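# Understanding the architecture of this molecule
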Amino acid sequence: MILSESARVTTAHEASFRIQYPNSKPRAVKVIALDAGSAKLVDEIAKLNWHGAAFFTSLSFDAGSAPGGTDGKTLKAWLNDLAGRTMDLVSEVAGADCVVVVATAGKDVQSAAVIAEVCTLHHKTLIALVVPEDNAPDDQIDVSLRALRPYAKMLVIAHGRDYIEAMLTALRA
Amino acid sequence: MLKKEQNELVTQTGPGTPMGDLFRSYWQPILISSELPENDCPPVRVKVLSERLVAFRDSEGKLGLIDEFCAHRGVSLWFGRNEECGLRCPYHGWKFDTTGQCVEVPSEPAESGYAAKIKLKSYPLIEKGGILWTYMGPAESQPTLPEWEFTNVPLENIFVSKRLQENNWLQAMEGGIDSSHVSFLHRGDLNNDPLFKGAAGNKYNLADSKPVFEVVEHPGGLYIGARRNAEDGKYYWRITPWVMPSFTMVPPRGDHPIHGHFWVPIDDESCTAWSFDYHPVRPLHAEERIAMQNGKGIHVKYVPGTFRPLANKDNDYLIDREAQKAGRTFSGVEGIGMQDASLQESMGPICDRTKENLVGTDNGIIMARHRLMRAAKALREKGTLPPGRESEHQKIRSAAVILPPDQPYKDAAREALIAKPGTPQTTV
Ligand code: FES
Ligand SMILES: [Fe+2]
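Everything numeric here is computed off the predicted structure, so don't read it as measured data. (Residues numbered from 1 in each chain as written. Chains lettered and ligands numbered in written order. Predicted model: local features only at pLDDT ≥ 70, side-chain atom pairs only at ≥ 80, totals over all residues. Heavy atoms only, no water.)

### Concerning the nonpolar core
Counting 139 residues, the largest nonpolar core has Leu 89, Val 100, Ile 115, Leu 148 and Leu 168 of chain A together with Phe 150 and Leu 372 of chain B as its most contacted members. With nine residues, the single largest contributor to this core is helix α10 (residues 363-382) of chain B. Look past the residues within four positions of Leu 168 of chain A in its chain and what remains in contact with it is Val 29, Val 31, Ile 45, Trp 50, Phe 55, Val 100 and Ala 173 of chain A. (Core = buried A, V, L, I, M, F, W, Y, C linked by side-chain atoms within 4.5 Å. Buried < 20%, exposed > 50% of the residue type's maximum accessible area, 1.4 Å probe, protein only. Helix = DSSP H or I, 4+ residues; strand = E, 2+ residues; numbered from the N terminus. Contact = heavy atoms within 4.5 Å.)

Right under this line is the structure:
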C-alpha cells in the first residue's frame, strides 16, 4: 500500500526534520504594575532573565490629560522603570509588541485607561492580569475586572507570582 | 512556549512519570459500554496511559481489566475464551478472573495451590453513563465515582462516541480550550451542521472573529470566557470549563444538546478523543441521534469496525481543496471533529512547544499547562492529590449568555455553570 503524504510525514522520525531556524524575532513586552502591591511582584519578576521585556512600576500623568481625555498624541504620561528612570509612556507603548498590566484585585486601576488609550492609538494588544491578595473577597476581583474589561483583549485572574512568570515565559518575553 | 523539559513533563504519561501519576489520580473513560455488550462476550484490548490491558465482562456480568498477557508464556489474552467466570488463555488453558487472579493451571494438580500464587495486575472497572471507567492509581486514594452531569442523566438523553487520535493527548486537549479557533476552522459548519445550526448565538460568532477573553480559575480547573459583541452594547459570552486533567465542555448553542470531551492518553503518541452529547432535561430526538451516529457535530464517521475516523491520515483526511477555496470548509476537511483532529495530528506525534509563538489570547492554554505542571509536581513532591477529583469539581456545565458589559461572567453566570439535575442548560 502506498502511504499518503499525511501518513508519511506525521511520524516521530519525520518530526525530527522540522527545520531548526528561528521562526520569530524577539518581541518587546512591556509589563506595567498599576499599584503598589503589583509593583512589588513586578519588581521581583523583573530580576529574572528575560529577553528584552521591560518592567515598569508606576505611572504618572498630567492633570490635563487624564483618562478619557484628549487625543493620545498630546497625552503626557510617564512610567518609572526599576532603575528609577522616568520613561515616556507613549514611546514605550509605541515600541511594544504587547503590553501587560498587572493589578492587585480591588486596587485603583485608573491608569489602565490611560495605558489602554495609548495602546489603542498604536494598535497594541493589552493583556491585563488581576492578582488577588490572599483571601481577597470576590467583590474586589469584580471591581478590577469591571474596570479593566473595556480595555483588555485578555483578562486573567492570576493567583500569585508564579503564573505571571509562566505567562511571560510562554510569551517569550 | 515551553522549555523542552516542561514539554516532556506535560506530554509523558507512562507508568512512573509525574503526569502519568496525575492521570492515575482520576477515573478515566476507556470503553463504551457496548464494547462489552453482554456476559461472556469477546474480550477487548485496551491500551491506556502506555499500559496494555484486556477488558472483559464475565459470566456473572462482573467487569475485569487486567494485564493483557498471560502469566504463563505471554500470549495475549485477547484470544482468550471468556467462559465460566474467567478468561482462559487458549494456549495451555490457564484461567484468570476479573481481578487478575489465576484460578486454574490445568497442568498442575488443583490441590497444589499453584494457581493461587499467580495473579495478573488488574484495575477496577466500573460502568456509568454508558461508559466503562477505570482507576489506575493507588487503592488508598481512589476517588468517588465520576459525577459528570452526563453520567447522571437517563441514557436516552446521552450519546457518547470515541475516536482514535494519532497524536499526544495535550495538543488535542489544548484545542478544546482554544475558543479562538472556532471562528476560523469551524466557520463553515456553524450554520450547516444539524447539531449547531439555527442557534441565535451563531451570528455573534460569525460576525465577530476577534473575541476578547477572560480566564478565571475555579477549584477544579478553569473557566475560559470568550466575549463577542451582541446588540445594544451587550456581550455574548461563551464559557468553556476545563477540569483537570482533560475534561472540557463546549458552550451550548440554542436548544441543541450540549457536548464536551475527554482526552485520554493511549500512549505518548496517541490518545482517545471522547465526545459526549447530552441534553440535561430531555431525551435526544431521533434525528439528533442519527446525526451523531452519522458523524455530525463533534462526532465522526469511522472506518467500519474500528474507532479510527474514516477520514484519517492515510487518505489525507479526504481533503477537498475545492470546498476550501469555495469557503464551504475553512481547511478543506469535512466535519468539526476531523477539522480539529487533522490539524492536531499534523503537529506531529508530540508537538514541539519550544518552537511555538503564543499570543495573549492563548492564556487559557498557558494557564492550563501551568496548573497541570503545578499539580503534577505537588503530587510527586508532596503527595498532594490534584484538583478535579471531587464531585463538586465535576458537576459543572458550559454556558452561553448575553450580559450587560459591567457584569463579570463568573458571577452573572455562576448558577449557569453548575450542573443542576432537571434544569436546562443556559444558552443562546
Ligand atoms: S494559525 Fe494557529 S497554528 Fe497556525
Ligand atoms: Fe475545534
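### Considerations on the packing of helix α3 (residues 36-46) of chain A against helix α7 (residues 161-170) of chain A
All names here are of chain A. The N-to-C vectors of α3 and α7 enclose an angle of 50 degrees; their axes lie 10 Å apart at closest approach. For the element pair α3 / α7, the angle class is oblique. Where α3 crosses over α7, the handedness of that crossing is right-handed. Counting all contacts with α3, which are made through Leu 41, Glu 44 and Ile 45, the residues of α7 involved are Arg 161, Ile 164, Glu 165 and Leu 168. Among the residues forming the contact of α3 with α7, the class breakdown is four nonpolar, no polar and three charged. (Axes fitted to C-alpha atoms, helices over the stretch in contact; angles between N-to-C directions. Parallel < 35°, antiparallel > 145°, perpendicular 65-115°, else oblique. Left-handed = near helix turned anticlockwise from the far one by under 90°. Nonpolar A, V, L, I, M, F, W, Y, C, P; charged D, E, K, R; others polar.)

### Quick word on the coordination of the iron ion (ligand 2)
Residue and element names in this part refer to chain B. Every protein donor of the iron ion (ligand 2) is listed here as His 181 (NE2), His 186 (NE2), Asp 340 (OD) and Asp 340 (OD), and their distances to the metal cover 2.1 to 2.3 Å. Every donor residue of the iron ion (ligand 2) comes from the same chain, spaced as H-x4-H-x153-D. Of this pair, His 181 sits in the loop between α3 (169-176) and α4 (182-185) while Asp 340 sits in helix α9 (residues 336-346), placing them 159 residues apart in sequence. Look at His 181 and you get buried, because its relative accessible area is 16%. According to the relative accessible area criterion, Asp 340 is buried, its value standing at 16%. (Donors = N, O, S within 2.8 Å, 3.2 Å for Na, K, Ca; no water.)

### Notes on the pattern of salt bridges
All names here are of chain B. This model, assessed by the stated rule, comprises 38 salt bridges over all chains. A salt bridge links Glu 83 to Arg 88; the nearest nitrogen and oxygen atoms lie 3.1 Å apart. The two residues Glu 83 and Arg 88 agree in class, both being buried. Here Glu 104 makes a salt bridge to Arg 88, at a shortest N to O gap of 3.1 Å. Of this pair, Glu 104 sits in strand β8 (residues 102-104) while Arg 88 sits in strand β6 (residues 87-88), and the two are 16 residues apart along the sequence. (Salt bridge = Lys/Arg side-chain N within 4 Å of Asp/Glu carboxyl O.)

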